[in-house]
Structure formats: C-alpha cells, structure tokens
2 protein chains.
Amino acid sequence: MNNLQRSAQTKASILDAATVCFAREGFDATGVAEICQRAGVSKGAFYYHFESKEAAFLELIASWLSALEQVLEDEAYNYKTVPEGLLGMAGNIQQIVANNRMLMSLFLELWTHASRNEKIHQATIAPYKRYLLIFEKLVQRGIDEGSFETVDPASAGQLLLSLSSGFFLQASLDPDGANWGKLLQESIHILLNGLKRRN
Amino acid sequence: MNNLQRSAQTKASILDAATVCFAREGFDATGVAEICQRAGVSKGAFYYHFESKEAAFLELIASWLSALEQVLEDEAYNYKTVPEGLLGMAGNIQQIVANNRMLMSLFLELWTHASRNEKIHQATIAPYKRYLLIFEKLVQRGIDEGSFETVDPASAGQLLLSLSSGFFLQASLDPDGANWGKLLQESIHILLNGLKRRN
DNA sequence: TAAAACATAACGACCGGTCGGTTTATATGG
DNA sequence: CCATATAAACCGACCGGTCGTTATGTTTTA
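Residues numbered from 1 in each chain as written. Chains lettered and ligands numbered in written order. Predicted model: local features only at pLDDT ≥ 70, side-chain atom pairs only at ≥ 80, totals over all residues.

### Brief notes about the overall build of chain A
What chain A contains, in helices and strands, is nine helices and zero strands. C-alpha atoms of chain A, sized along the principal axes, occupy 65 × 35 × 35 Å. A total of 199 residues make up chain A; the buried ones form 37% of that total. Restricting to contacts in chain A with at least 6 residues of sequence separation, those with at least 24 account for 69%. (Helix = DSSP H or I, 4+ residues; strand = E, 2+ residues; numbered from the N terminus. Buried ≥ 20, exposed ≤ 12 C-beta atoms within 10 Å, placed from the backbone. Contact = placed C-beta atoms within 7 Å.)

Shown next, in the form of structure tokens:
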C-alpha cells in the first residue's frame, strides 16, 4: 500500500472509530485514547491527522450532514407526486431507525453541542437551512402539481422538518417503544389531509 | 433561620445554580466546583445534600419534568374547544422560547443523556409517556366534541408531541432564526385542517 | 453537648495535547 | 538493481491540569 492510501486508510479508521465513540458516549465523555484504541492507531497518528478532538468531530459531522443532504435530495425527487414522496420517505425512516441507531445518537450529540459551541453551530446551521429549503421546494412542487392547497411553503416546509426532527428525537429516546415508521406515515397522512387540495 | 430552613435554602440554591450551569455548558462540561461557586457554597455542602453530580442532575430533571407536566395539563383544559387549545398552547410557546431559553438547553441536555444513561433514561421515559397521554386525551376530546374526524388518538397524539419536540429542537438551535410561535401556530392550522371534520 | 450543616484541603484517576524518537514509503544517484 | 537520503506517517511515554469524590475539621443549631 502506498503512502497516500495508507494515510487515507488511517484517517478513515480514526473517523469511523470516533463516530462510534461519540455516538455511544458523547463528545465530552469520549477520550482521544479511546478513539485511538478502537481505531487501532496511536495518539500520534490521531494528532497527525487532526488538530484537536473538536476538529475530528467537526469533520465527522460535516461529512455526515452532507451525506444526509444527498439522501434527502435524492429521495425528494424519486417519486412521481409529492404526497407519494412524503409517504415513501416516511416509510424509509423505519429502516434508518432500525439499522442505524448509531447515527441517531450522533444526531442528538450534534444538536446538543451546536447550541453551545460556536464552530459546531456554524457547521450545523448551514446544512440545516439547506434541509429546510429542500422541504420548501417540495411543498412548492406539491402546490404546482395541484396536490396541495396554496399554503405558505416556508411554513409547511418548517412543519415537515420539525416533524421529522421530532420523530427522530422520540425514536432516539425510545427506539423500540413504537413502530416509528408506521406512526410517521400515519402522521404524514393526517398532514397530507390538511394540505390536500379539495375538489 | 432554623436548621431545616437553612438546609432547604442551601439545597435550593445548589439546584438553581446547577440548572444554570447544566443548561449553559452541559452535564459533562460542568464541574461541581463551578456549581458550588455559583451557589455560594462549598463542595462539602454539595456532597452533604447530593450523593453525586448525577444525583443532583436527576433531582433537577425530575422536578422540571413534573412542572412541565403540570403546565401541559393545565393548558390542555384551559380552553373551550380543542382546536382553540392547540392554537393557544402554540402561541404560548413563543413566550417560553423567548423568556426561558435556559430550559430549552436543559431539555436538550436531558434528551442527550437519556439515551445513554440508564437512570436518566428511566427518569425521562415515564413523564414522557404521560405527556403522550395528555396529547392523546386531547385528541380524543377533539373527536368527542366533534372538532376532529375519528382519527387514531394515539397516532395523532404522537404527531402533536413530535411536532412540539421538533419545534423545540429547532428553536434551541436557532432561537432568533424565525418567529417560532407564529410558525408553530401556522403549522397547527395546517394540522387542524387535516384533523378537522368535514361538513 | 451532640448532632446537623457546612468548609477546606487533599487524593487519585483521567484526559487532551506534546514531543522526541522510530518506522515506512519513495525519490535519488550510482 | 541496489544503497542511501529524506520526508511523511506513526508510535507511545509523558506533562500539566482538571475533575469527582472523600476525609477531616469547623461552625451552627437545638
């Protein structure tokens, strides 16, 4: 393995380990030594690739938030009509909750520190606003295609984002307490009923 | 001041200080010394009243969650019809967000640790399920009084709770980024439109 | 005077970050 | 093709400091 590959591999394994640790124990409670042990590298390697523990966290969330944005955008345009799209996306939530519980803890961790740490806040607020835009455009598309009444896209988009965030929050607190996918779908049904254009 | 009053006063000031510190910096980043300094007492006093830092946190959130439950119940039955009630409660959110930003940080802090610490989880999940019940009953009342269609109260209640949590989440991330009270009211309007019984 | 309430100082564990040294990969010169 | 130089990549012991907790002493109340 050449130098570049080795370096990238090391950095990736550190980020992977950090993801697990931060999700499981939180940023503060996770030690750099712990991350290094899990990654199978030394502290020297860690501080060769990252300026600080916080820097590693920032890089983590940046890539994760960007990946989430990609998924959102792909999903949003993957259905014929907007109501179908919303219901489809809601159904996928269940898979996410079930298979990737780790990311939900990370989501919480991110949110907590975003309200306290200025750097993390900045790194979070920008993608967050783009998520909001995606939902807004989705609502606008729903209006244009005749699925929805002429509601305010900003409000309805915010509503959708809040609802999603809220469900994530509940699900992370009590993953097995309910069938979150089904619940979210029923909620979307009610919502759609409120947005739907009457004939 | 007699012994009992003095003791209660000291404990209360510790809890007050702890509330501020935990909300501002989080549980992990807050030191016992910091709490004591803010409360104007010594570490000896702290560990005379609390078994550990975690115990103080648990006592904090227990009283806070219980207070929130009281507010919810009072508000829920303080309006003539359920739609009015929901809109009224949504309007009050703005005041809460504006005046009591500290509690929102604490809310986040609580949620984060609830998914990791078993004791905190138990202390959170019980009140949380009672909140859910309050919303469920509210929906049921809406159905009974003829305001709503015959939706599933459990789903609609969950929807309401998720929406509230989601808005709290957004508001804590970006308190001045939007007029949260107004946004939530508009969201409730859309929701009500979906729940409303058609004539 | 005895017990409760609080103060003070110290302990031991831990943690983020540093630093001098070592290994590994690659470029260079013969 | 080999020997060697060099810089990137990595190791791991160590430091300064902090933190939760405790042990012991002092004040206050009854």
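### Remarks on the protein's contact with DNA strand C
Taken together, 24 residues surround DNA strand C, and among them Asn2 and Gly31 of chain A together with Thr10, Ser42 and Gly44 of chain B come closest. At the level of elements, helix H1 (3–25), helix H2 (32–39) and helix H3 (43–49) of chain A together with helix H1 (3–25) and helix H3 (43–49) of chain B are the ones that each hand at least two residues to the surface near DNA strand C. The element that contributes the greatest number of residues to the surface near DNA strand C is H1 of chain B, accounting for five residues. Tallied by class, residues from the surface near DNA strand C come to eight nonpolar, 11 polar and five charged. (Near = placed C-beta within 6 Å. Nonpolar A, V, L, I, M, F, W, Y, C, P; charged D, E, K, R; others polar.)

### Details of the nonpolar core
Counting residues in hydrophobic clusters, the biggest one holds 100 residues, and the most contacted among them are Ala18, Phe22 and Ile35 of chain A together with Ala18 and Phe22 of chain B. Dropping the residues within four chain positions of it, Phe22 of chain A is found in contact with Phe27, Thr30, Phe57, Leu60, Leu106 and Glu109 of chain A. (Core = buried A, V, L, I, M, F, W, Y, C linked by C-beta atoms within 7 Å.)

### What to know about the interface of chain A and chain B
Counting from both sides, the interface comprises 39 residues of chain A and, opposite them, 39 residues of chain B. Elements represented by at least two residues in the side of chain A that touches chain B include exactly helix H6 (101–114), helix H7 (118–144), helix H8 (153–173) and helix H9 (180–195) of chain A. The element contributing the most residues to the side of chain A that touches chain B is H8 of chain A, with 13 residues. In terms of residue class, the side of chain A that touches chain B is built from 17 nonpolar, 15 polar and seven charged.

### A short note on the relation of the copies chain A and chain B
Structural alignment of chain A on chain B gives an RMSD of 0.1 Å, achieved by rotating through 180° and translating 0.0 Å along the axis. Such a combination of turn and shift is consistent with a two-fold rotation axis. (Least-squares fit on C-alpha atoms with pLDDT ≥ 70 in both.)

### Things to note about the protein's contact with DNA strand D
Around DNA strand D, the surrounding shell holds 22 residues, and the nearest of these are Thr10, Gly44 and Ala45 of chain A together with Asn2 and Gly31 of chain B. Those elements giving two or more residues to the surface near DNA strand D turn out to be H1 and H3 of chain A together with H1, helix H2 (32–39) and H3 of chain B.

### Points about the environment of Leu191 of chain B
By the secondary structure assignment, Leu191 of chain B is in helix H9 (residues 180–195). Between the alpha carbons of Leu191 of chain B and Ala156 of chain B there is a distance of 9.7 Å; along the sequence they are 35 residues apart. In contact with Leu191 of chain B, other than residues within four places in its own chain, are Leu191 and Gly194 of chain A.

### Some details on the packing of helix H7 (residues 118–144) of chain B against helix H8 (residues 153–173) of chain B
Two measures define how a pair of helices packs: the angle their axes make with one another and the distance between the axes. All names here are of chain B. Following both chains from N to C, one finds H7 and H8 inclined at 120°, their axes separated by 8 Å at the closest point. By the angle class used here, H7 and H8 are oblique. By crossing handedness, the relation of H7 to H8 is classed as right-handed. On H8, the residues that touch Tyr131, Leu132, Phe135, Glu136, Val139 and Gln140 of H7 are Pro153, Ala154, Ala156, Gly157, Gln158, Leu160 and Leu161. (Axes fitted to C-alpha atoms, helices over the stretch in contact; angles between N-to-C directions. Parallel < 35°, antiparallel > 145°, perpendicular 65-115°, else oblique. Left-handed = near helix turned anticlockwise from the far one by under 90°.)

### So, helix H5 (residues 82–99) of chain A
All names here are of chain A. Look at H5: 26 Å from first C-alpha to last across 18 residues, which is about the 26 Å you get at 1.5 Å a residue. All buried positions along H5 are accounted for by Val82, Leu86, Met89, Ala90, Ile93 and Val97. One face of H5 carries all of its buried residues, which in axial projection span an arc of 105°. Counted as exposed and oriented over 90 degrees from the buried face of H5: Gln95 and Asn99. (Expected span 1.5 Å × (residues − 1). Arc of directions from axis to C-beta.)

### Notes on the packing of H1 of chain A against H6 of chain A
Residues and elements named next belong to chain A. Running from N to C, H1 and H6 cross one another at 70°; their axes reach a closest spacing of 8 Å. It follows from the interaxial angle that H1 and H6 lie roughly perpendicular. The way H1 lies across H6 gives a crossing that is left-handed. Facing H1, whose interface residues are Thr19, Val20, Phe22, Ala23 and Arg24, H6 presents Met102, Ser105, Leu106 and Glu109.

### Topic: the environment of Lys137 of chain B
All names here are of chain B. The topology assignment puts Lys137 in helix H7. For Lys137, a count of 16 C-beta atoms within 10 Å corresponds to the partly exposed category. Sequence spacing of Lys137 and Ala76 is 61 residues, and the spatial spacing of their C-alpha atoms is 9.4 Å.

### So, the environment of Leu133 of chain B
Residues and elements named next belong to chain B. Position of Leu133 relative to the elements: it lies in helix H7. Note on Leu133: 14 C-beta atoms within 10 Å, which makes it partly exposed. Along the sequence, Leu133 and Pro153 sit 20 residues apart, while their C-alpha atoms lie 9.5 Å from each other.

### What about H2 of chain A?
Residues and elements named next belong to chain A. Within H2, burial applies to Ile35, Cys36 and Ala39. Taken end-on, H2 shows its buried residues confined to a sector of 95°, consistent with a single buried face. Structurally, H2 contributes buried residues whose contacts are with H1 and H3. Gly40, located one to two residues past H2, shows a positive phi value of around 75°.

Treat this as a map of the structure, not an account of what it does.
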